[in-house]
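# Structural characterization, general
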Amino acid sequence: MKKVISLIMVFALVFAFAGCGASVDDNTDSTTSVTEAKADTEETTAEKENETTAENKTLVVYFSRTGEQYGVGVIEKGNTAIVADMIVEQTGADSFEILPKEDNYPMTYDALTDYAKEEQNNNARPAIKDEVENFDSYDTVFIGYPIWWGDMPMICYTFLESYDFSGKTVIPFCTHAGSGNAGTQSKIQSVIPDAEVKEVLAITGTATQNDQDSVRSEVTEWLNNLGFNE
């Protein structure tokens, strides 16, 4: 009888250990599944982050002058700079101001126009102080400038010739004293033929200084037509 009872106890212990083993195995499978699910989630998150950093990027580049300007007197913020800031505010774009490496531009209007005419006659390419970091990462580039003697300032040609615009969308804007865009869309296109150059937004310098609400509305409408602010 004792032998029978002993055998029963042995079998009971064996089944008990077997049950514990199965429980451990189940927990291991469950832990593995959770780990794999977590890894899949982290991988998906990483993919989304990569997609975010790969989204189209926009840059606003501009050249602008202060000092004495036509029709507005002595100004502390350039006409083109005002428009550039409005574009940045509404698009969230990065910005880059074209600054001369050696700033020899006069601060009085008559002297500035003489200096600008001399640069144009010499087809000058004034050096630029800084460079755009990671220019290749930008898909859309706004470029702004004043109209000097029916053209962009020569330093803007320096900028256009310094980078590869292939495949980019270029959106010009300018400020002027009555000459409009002065045909600068086609001039820009001729310098960067592998880019898509949009029509130029032209705004008078007097409006940028004296009627900024109206200018902001015009900029907003222009950006809407280009597909921004949607």
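Residues numbered from 1 in each chain as written. Predicted model: local features only at pLDDT ≥ 70, side-chain atom pairs only at ≥ 80, totals over all residues. Heavy atoms only, no water.

### A word on the pattern of salt bridges
We count it as follows: Salt bridges are identified by distance alone: a Lys or Arg side-chain nitrogen within 4 Å of an Asp or Glu carboxyl oxygen. We call a residue buried when its accessible area falls under 20% of the maximum for its residue type, exposed when it is over 50%, and partly exposed in between, using a 1.4 Å probe and counting protein chains only.
According to the stated counting rule, one finds 6 salt bridges in the structure shown. Measuring nitrogen to oxygen at the nearest pair gives 2.4 Å for the salt bridge that ties Asp85 to Lys77. For Asp85, a relative accessible area of 27% corresponds to the partly exposed category. For Lys77, a relative accessible area of 39% corresponds to the partly exposed category. Glu161 is the salt-bridge partner of Arg125, the closest N and O atoms lying 3.0 Å from each other.

### Overview of the environment of Tyr145
For clarity, the cut-off: Put simply, DSSP H or I for four residues or longer makes a helix, DSSP E for two residues or longer makes a strand, and each gets a number counted from the N terminus. Contacts are residue-level and defined by heavy atoms, with any inter-residue pair within 4.5 Å sufficient.
Note that Tyr145 resides in strand 5 (residues 140-146). Separated by 64 residues in sequence, Tyr145 and Ala81 place their C-alpha atoms 8.6 Å apart. Once you skip the residues sitting within four places of it in the chain, Tyr145 turns out to touch Phe63, Thr80, Met152, Pro153, Cys156, Pro172, Phe173, Cys174, Thr175, Thr184, Ile188 and Val200.

### Quick word on the nonpolar core
Short version of the rule: Buried Ala, Val, Leu, Ile, Met, Phe, Trp, Tyr and Cys residues form a nonpolar core when they are joined through side-chain atoms within 4.5 Å.
Core analysis: the largest hydrophobic core is formed by 33 residues, its most contacted members being Tyr145, Phe159, Phe165 and Ile188. Counting only elements with at least two residues in this core, the list comes to strand 1 (58-62), helix 3 (109-121), strand 5, helix 4 (154-162) and strand 6 (169-176). Here this core takes 6 residues from helix 4, the largest share from any one element. If sequence neighbours within four positions are ignored, Phe165 has contacts with Phe135, Val141, Phe159, Leu160, Val170, Ile192, Asp194 and Ala195. If you look at the next biggest cluster of nonpolar residues, it comprises 19 residues, including Tyr62, Ala81, Ile87 and Leu201.

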